[in-house]
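So the chains spell out like this:
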Amino acid sequence: TVFSTVLKDGSQAPEMVVIPAGTFNMGSPVTENDRGLDEGPQHRVSITEYALGKTEVTVKQYQQFVTATGYETDAEKNSGNTFRGCAAFKAGTVFGDTSKNNWSKPGFEQNANHPAVCLSWNDAQAYVAWLARETGKRYRRPSEAEQEYAIRAGTATAFAWGGDVNLACSDDVAPRRGYFAASRLESRHVSCRRLLRHRRFCRANVQVVSSIPLGRH
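Everything quoted here is computed from the prediction, not taken from an experiment.

## Quick notes on helix 1 (residues 59-69)
Okay, step 1: Along helix 1, the positions that sit buried rather than exposed are Val 59, Gln 61, Tyr 62, Phe 65 and Val 66. Within helix 1, the buried residues cover an arc of 165° as seen down the axis, which keeps them to one side. For helix 1, exposure combined with an orientation more than 90 degrees from the buried face picks out Lys 60, Thr 67 and Ala 68.
Okay, step 2: Each element contacted by the buried residues of helix 1 is listed here: helix 3 (121-135).

Shown next as structure tokens:
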């Protein structure tokens, strides 16, 4: 089931998808390649029904929030405990934080329907709080378990598309999964595979969870 709520100006809030309840193995097995220490121990988790944004929050959606509120992100303020600007490639080779990039100029080409990036926890919290005020509904960030459950979509492989990380850069997987299209990245100094080596190809995107209206189950 897909639904959306109306904002005060009459426009639509992000589309939400009802995710059915279920149980899954959270984390990764010790035999998985490139497994991080924070990915285990693998354990069973039960999830109750919830509604998750159909896509990550887009540039257009975040722009609407900024225009309405005048909000300035942590990257723009270059503030926060350890947050200094946004992670980006420097001179096309070194990956690290830079004060020159933020959600409106992330360092690579985007359009209005691409995921908004370079956003901190504070920036995401401000956005969901605004959605709640605008709609009168409950919005929040998904938990780690809710996020992994939805992304896995019943799969048990390292990635939802299988076990090969390089397939994330294929013309088939990249657009469907919401990642940066490989053809666009390969034409610039930042490549999809270079991003994958740094495990940053989904850097600081924002997802939202909302309450499920009656009759939308």
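## Points about the confidence of the model for the protein chain
Okay, step 1: For the protein chain, per-residue confidence averages 76 on the pLDDT scale, and 70% of positions sit at 70 or higher.
Okay, step 2: Within the protein chain, helix 1 carries the highest mean pLDDT (95), whereas helix 6 (residues 182-186) carries the lowest (33).
Okay, step 3: Scored below 50 in pLDDT, residues 173-191 shows 43 contacts in the model against residues more than four places distant or in partner chains.
Okay, step 4: Taken together, the stretch residues 193-203 has pLDDT below 50 and engages in 33 contacts with residues farther than four places along the chain or on a different chain.

## Here's the deal with the packing of helix 1 against helix 3
Okay, step 1: Interhelical geometry of helix 1 versus helix 3 gives an angle of 75° and a closest axis separation of 11 Å. Accordingly, the angle class assigned to the pair helix 1 and helix 3 is roughly perpendicular. Taken together, the residues of helix 3 that come into contact with helix 1 (itself represented by Gln 61, Tyr 62, Gln 64, Phe 65, Ala 68 and Thr 69) are Asp 123, Ala 126, Tyr 127, Trp 130 and Arg 133.
Okay, step 2: Its residues placed into classes, the contact of helix 1 with helix 3 shows 6 nonpolar, 3 polar and 2 charged.

Rules of the game
Residues numbered from 1 in each chain as written. Predicted model: local features only at pLDDT ≥ 70, side-chain atom pairs only at ≥ 80, totals over all residues. Heavy atoms only, no water. Buried < 20%, exposed > 50% of the residue type's maximum accessible area, 1.4 Å probe, protein only. Helix = DSSP H or I, 4+ residues; strand = E, 2+ residues; numbered from the N terminus. Arc of directions from axis to C-beta. Contact = heavy atoms within 4.5 Å. pLDDT = per-residue confidence, 0-100. Axes fitted to C-alpha atoms, helices over the stretch in contact; angles between N-to-C directions. Parallel < 35°, antiparallel > 145°, perpendicular 65-115°, else oblique. Nonpolar A, V, L, I, M, F, W, Y, C, P; charged D, E, K, R; others polar.

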